[in-house]
Amino acid sequence: VNVQRGCSYYCTFCIVPHVRGRFDHRPLAEILAEVRLKVAGGAREIMLVGQTVNAYREPATGEDFADLCAHVAAIPGVERLAFVTSHPKDLNEKLARALAAIPQMNPRFHLAVQSASNPMLRRMNRKYTIEEYRERVRMFLAHNPGWAITTDMIVGFPGETEADFEQTLALAQTGMFAQAYMFVYSPRRGTPASHWPQIDPAVAHARLKRLADAQNAACRAYHDRKIGTTVRALIPGTSR
């Protein structure tokens, strides 16, 4: 269920604001009506989708994403609730507390870090430091200790030095992330970063390999911690 269109944050690598415009949040009543329709049609899990979903604001009342999640979870028949994707700038304690109070939440928070280097975060126009990112994750997990944190990471962004990359590698090695989408930076025509001097592709791909090895080890360790536990699984149907 889409809850917003566009984005107003203008990360220097991202084309979305240029092609879809600034934030356009759907009215709450319209979202809830769509959820009810999907549940009536047999849906058991609802995923709320937006380019920066946790920045959601109801146009008329100003209710935020925490309020939206509570409203959706209150609809009879919603067995599981998920959302993607979130921006660290909009992760606050109200949202952490609200999600902890909703039993249907799928306990996975996808929070794109992109880089652990502050100079790279500034060049990306990400609007947070790595220290702020880590503190917000710590705060969130204090309220939701059983949740998995997943992320996106970019290597080879214009201007990335070996020292910048090593900081991202070190973050992956901490085991903070249960899973990560990892990419070599790819220029998007019309974005600021596409006009900057680019990293040698061979260097970027070598960095990606090192990062993937570290994150895959962290992912394996996360899965191993589940051995001997019981979890609730949602089975939507027979596999093809």
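None of the values given here were measured: they were computed from a predicted structure.

### A closer look at the environment of Ala 101
Assignment of secondary structure puts Ala 101 in the loop between helix H4 (93–100) and strand E5 (108–110). The exposed category is assigned to Ala 101, whose relative accessible area is 61%. Measuring from C-alpha to C-alpha, the distance between Ala 101 and Tyr 10 comes to 32 Å, with 91 residues separating the pair along the chain.

### Here we look at the sheet that holds strand E6 (residues 148–155)
One open sheet holds the 3 strands; their spatial order is E5-E6-E7, and the pairing between them is parallel. Because the sheet does not close on itself, it has two edges, and the strands there are E5 and strand E7 (179–184). Taking each pair of neighbouring strands and ignoring which way they run, the sheet shows an average axis angle of 15°. Sheet topology note: the E5/E6 ladder contains 3 bridges and is parallel. When the sheet's bridge partners are listed, Arg 108 is paired in E6 with Ala 148.

### A closer look at unusual backbone geometry
The residue after Val 84, namely Thr 85, is reached through a cis peptide bond having omega -5°. Within the secondary structure, Thr 85 sits in the loop between strand E4 (80–84) and H4. A positive phi angle is found at Asn 125, which is not glycine, with a value near 60°. With respect to the helices and strands, the residue Asn 125 is situated in the loop between helix H5 (118–124) and helix H6 (130–143).

### Side note on the packing of aromatic side chains
The geometry of two aromatic rings is summed up by the distance between their centres and the angle between their planes. Enumeration over the complete set of coordinates arrives at 10 aromatic pairs. Note on Phe 65 and Phe 83: the rings are 5.2 Å apart at their centroids and 75° apart in plane angle, and the pair reads as edge-to-face. Placement of the pair is Phe 65 in helix H3 (residues 65–73) and Phe 83 in strand E4, with a sequence separation of 18 residues. The exposure class assigned to Phe 83 is buried, which follows from its relative accessible area of 3%. Their ring planes at 80° and their centres at 5.2 Å tell us that Phe 140 and Trp 147 sit as a pair that is edge-to-face. The same class applies to Phe 140 as to Trp 147, namely buried. Here a set of aromatic residues connected by ring pairs shows up, and it is made of Phe 65, Phe 83, Phe 109, Phe 140 and Trp 147. A cation over a ring is seen here: Arg 123 above Trp 196, with NZ or CZ 4.6 Å from the ring centre.

### Observations concerning the state of the cysteines
For the structure shown, the criterion picks out 0 disulfides. In this structure Cys 7 is a free cysteine whose sulfur lies 6.4 Å from that of Cys 14, the closest cysteine sulfur available. Judged by relative accessible area, Cys 7 falls into the buried class, the value being 7%. Free of any disulfide, Cys 69 has its nearest neighbouring cysteine sulfur in Cys 7, separated by 18 Å.

### Notes on the layout of surface pockets
Taken as a whole, the largest pocket spans an internal volume of roughly 640 Å³. Lining the largest pocket are 26 residues, and of these Phe 13, Cys 14, Gln 51, Gln 114 and Asp 152 sit closest to its centre. Put simply, the parts of the chain that give the lining of the largest pocket at least two residues each are helix H1 (16–20), E6 and E7. Sort the elements by how many residues they give to the lining of the largest pocket and E7 lands first, with 3 residues. For the lining of the largest pocket, the class distribution of residues is 15 nonpolar, 8 polar and 3 charged. Partitioning the lining of the second largest pocket into residue classes produces 8 nonpolar, 3 polar and 5 charged.

So, how was this worked out
- Residues numbered from 1 in each chain as written.
- Predicted model: local features only at pLDDT ≥ 70, side-chain atom pairs only at ≥ 80, totals over all residues.
- Heavy atoms only, no water.
- Helix = DSSP H or I, 4+ residues; strand = E, 2+ residues; numbered from the N terminus.
- Buried < 20%, exposed > 50% of the residue type's maximum accessible area, 1.4 Å probe, protein only.
- Pairing = 2+ DSSP bridges.
- Axes fitted to C-alpha atoms, helices over the stretch in contact; angles between N-to-C directions.
- Phe/Tyr/Trp six-rings, centres within 6.5 Å; stacked < 30°, edge-to-face > 60°.
- Lys NZ or Arg CZ within 6 Å of the ring centre and 35° of its normal.
- Disulfide = S-S within 2.5 Å.
- 1 Å grid on protein atoms, 1.4 Å probe; cavity = no way out; pocket = protein on both sides within 12 Å on 5 of 7 lines; lining within 4 Å.
- Points joined across faces, edges and corners; volume = space filled by probe spheres on them.
- Nonpolar A, V, L, I, M, F, W, Y, C, P; charged D, E, K, R; others polar.

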